[in-house]
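Spelled out from the first residue to the last, the chains are:
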Amino acid sequence: MTHLPYILGSYAAFAVIALWLALSASFRLRHARRRLNAVDPRAGQRQT
Amino acid sequence: MEASNTLTSRVPRGRMLHRFANPGRFLRLAARVQPFLTWPALVLTAAGIFGGLFLSPPDYQQGDAVRIMYVHVPAAWLASSGYAALAAASFVSIVWRHPLADLAAVEIGPVGAAVTALCLITGSLWGKPMWGAWWVWDARLTSVLVLFFLYVGHIMLVRAFDDPERGYRAGAILALIGVVDLPIIKYSVDWWNTLHQPASITLTGAPTISGSLLWPLALTALGLTLGFWAVVTGRLRAAVMERRTRALLGAQAEAA
């Protein structure tokens, strides 16, 4: 395969950015849901 | 069908939009939609990347460097379409003062900035072996760099005020002014003599690239678009819950 370092660099950048976006959204959502359930369990259950 | 059309036509557009301003209704709808965005995004992106890396042939001029396009091109499309969505949310926010539109604009910003950064990074990694330079001050590259700065400016501006409402208004104005960059990005390769090649795929004409290169690109483009909206939906759900939690804590503190 020609230009392998450039191809690997591109896909590595994609993997890092995609994982960072997905994991940060997932952790933030989990944390927000836990806090809302702690403050008002009925509202938390109704809205998620 | 006729009855529903009549019903819809009787309800003012602003009121239709405010139907979805109810946080509980939005959270229930978004929780239902989220898996239909996330799982197809994962499957389509994985299939597109596998096809792009291992099944599609090398280009007769670019060699294997064409495989960078399977990430670069969808990132470029998402950078522009994400900004269009940010501007649309800002328009709804300014015209109808829709609370979810404010939050949507705030949450689209960082995701859009990330895909624009990915577009610039992968473009640079493609440019070095193909053009012999990491960067050139070409009209297309420069206008995409301006788009990245617009995203970053929006992210900073909406968080720069003690009163969030003022931040939302200022960010919305910036987002609407920045829309002028989108046609410049799109037509930069036609208006100026650029090093960046013209569009290979347009809405009106047949694609000028081979079908064997096109199908992995279509899969990654569709997968990454769904992934973009899955991430935005997840962030928006979290933002609505955080706002609800703050409101409940504020009410409890006032009552105590």
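Residues numbered from 1 in each chain as written. Chains lettered and ligands numbered in written order. Predicted model: local features only at pLDDT ≥ 70, side-chain atom pairs only at ≥ 80, totals over all residues.

Each helix and strand in chain A was counted, giving two helices and zero strands. Expressed as a percentage of the 48 residues in chain A, the buried residues total 29%. (Helix = DSSP H or I, 4+ residues; strand = E, 2+ residues; numbered from the N terminus. Buried ≥ 20, exposed ≤ 12 C-beta atoms within 10 Å, placed from the backbone.)

Let's shift gears to the overall build of chain B. Helices and strands together make up the secondary structure of chain B, namely nine helices and zero strands. Put simply, chain B runs from its N terminus to its C terminus through helices and strands in the order α-α-α-α-α-α-α-α-α. Projected onto its principal axes, the C-alpha positions of chain B cover 70 × 40 × 40 Å. Out of the 256 residues in chain B, the part that is buried amounts to 39%. In chain B, once contacts between residues fewer than 6 apart in sequence are set aside, the share between residues at least 24 apart is 77%. (Contact = placed C-beta atoms within 7 Å.)

Attention now goes to the interface of chain B and chain A. Counting residues at the interface gives 32 residues for chain B and 28 residues for chain A. Elements supplying a minimum of two residues to the side of chain B that touches chain A: helix H3 (23–55), helix H5 (99–131) and helix H9 (211–255) of chain B. The element that contributes the greatest number of residues to the side of chain B that touches chain A is H9(B), accounting for 12 residues. Within the side of chain B that touches chain A, the residues separate by chemical class into 18 nonpolar, six polar and eight charged. (Nonpolar A, V, L, I, M, F, W, Y, C, P; charged D, E, K, R; others polar.)

Another point: the nonpolar core. Ranked by internal contacts, the top residues of the largest apolar core, which has 73 residues, are Ala79(B), Ala105(B) and Val115(B). Taken together, the elements giving at least two residues each to this core come down to helix H1 (4–39) of chain A together with H3, helix H4 (69–96), H5, helix H6 (139–158), helix H7 (164–178) and H9 of chain B. Residues within four places of Ala79(B) in sequence aside, it is in contact with Gly112(B), Val115(B), Thr116(B), Cys119(B), Val144(B) and Leu147(B). (Core = buried A, V, L, I, M, F, W, Y, C linked by C-beta atoms within 7 Å.)

Residues and elements named next belong to chain B. Here H6 is 20 residues long and its end C-alpha atoms lie 28 Å apart, about the 28 Å a rise of 1.5 Å per residue gives. For H6, every residue scored as buried is listed here: Arg140, Leu141, Ser143, Val144, Leu147, Leu150, Tyr151, His154, Leu157 and Val158. Those residues of H6 that are buried are in contact with H4, H5, H7 and helix H8 (181–191). (Expected span 1.5 Å × (residues − 1).)

To continue, consider the packing of H1(A) against H5(B). Axis separation between H1(A) and H5(B) bottoms out at 9 Å; the angle between their running directions is 175°. Here H5(B) runs roughly antiparallel to H1(A), going by the angle between their axes. Residue-level inspection shows Tyr6(A), Gly9(A), Ser10(A), Ala13(A), Phe14(A), Ile17(A) and Leu21(A) of H1(A) in contact with H5(B), the latter providing Val111(B), Ala114(B), Leu118(B), Ile121(B), Thr122(B), Leu125(B), Trp126(B), Lys128(B) and Pro129(B). Looking at the contact of H1(A) with H5(B) residue by residue, the class counts come to 12 nonpolar, three polar and one charged. (Axes fitted to C-alpha atoms, helices over the stretch in contact; angles between N-to-C directions. Parallel < 35°, antiparallel > 145°, perpendicular 65-115°, else oblique.)

On to the environment of Val158(B). Residue and element names in this part refer to chain B. Summarising the element assignment, valine 158 is placed in helix H6. The spacing of valine 158 and alanine 238 is 80 residues in sequence and 17 Å in space, taken between C-alpha atoms. Leaving out residues up to four positions away in the same chain, valine 158 has contacts with Val106, Gly167, Tyr168 and Gly171.

Right, let's talk about the packing of H5(B) against H9(B) for a bit. The description of two packed helices rests on the angle between their axes and on the distance between the axes. Residue and element names in this part refer to chain B. Axis separation between H5 and H9 bottoms out at 9 Å; the angle between their running directions is 140°. As the angle between them shows, H5 and H9 are arranged oblique. The interaxial crossing formed by H5 with H9 has right-handed handedness. Contacts between H5 and H9 pair Leu103, Ala104, Val106, Glu107, Ile108, Val111 and Val115 from the former with Phe228, Val231, Val232, Arg235, Leu236, Ala239 and Val240 from the latter. (Left-handed = near helix turned anticlockwise from the far one by under 90°.)

On to the confidence of the model for chain B. Residue and element names in this part refer to chain B. Mean pLDDT over chain B works out to 89, with 91% of the residues at or above the 70 mark. Within chain B, H6 carries the highest mean pLDDT (97), whereas helix H1 (residues 2–10) carries the lowest (42). Confidence drops under pLDDT 50 across residues 1–11; counting only partners more than four residues distant or on other chains, this segment forms one contact. Scored as a complex, the prediction yields pTM 0.89 and ipTM 0.91. (pLDDT = per-residue confidence, 0-100.)

A word on the environment of Gly250(B). Here Gly250(B) is to be found in helix H9. A sequence separation of 125 residues divides Gly250(B) from Leu125(B), and the C-alpha atoms of the two residues are 49 Å apart.

In this section: unusual backbone geometry. Glycine aside, the phi torsion of most residues is negative, and most peptide linkages are trans. Within the chain, Arg97(B) stands out as a residue other than glycine whose phi angle is a positive 50°. Counting through the fold element by element, Arg97(B) comes out in the loop between H4 and H5.

Our focus in this paragraph is H4(B). Taking 1.5 Å of rise per residue, 28 residues should cover 40 Å, and H4(B) covers 39 Å from first to last C-alpha, within 8% of that figure. Positive phi shows up at Arg97(B), right after H4(B), with a value of about 50°.

Before going further, it helps to examine the environment of Val231(B). Take Val231(B): it is sitting in helix H9. Judged by the 25 C-beta atoms lying within 10 Å of it, Val231(B) falls in the buried class. When the C-alpha atoms of Val231(B) and Val95(B) are compared, they prove to be 26 Å apart, with 136 residues separating the residues in sequence. Among all residues touching Val231(B), those that are not within four sequence positions of it are Leu21(A), Ala22(A), Ala25(A) and Val111(B).

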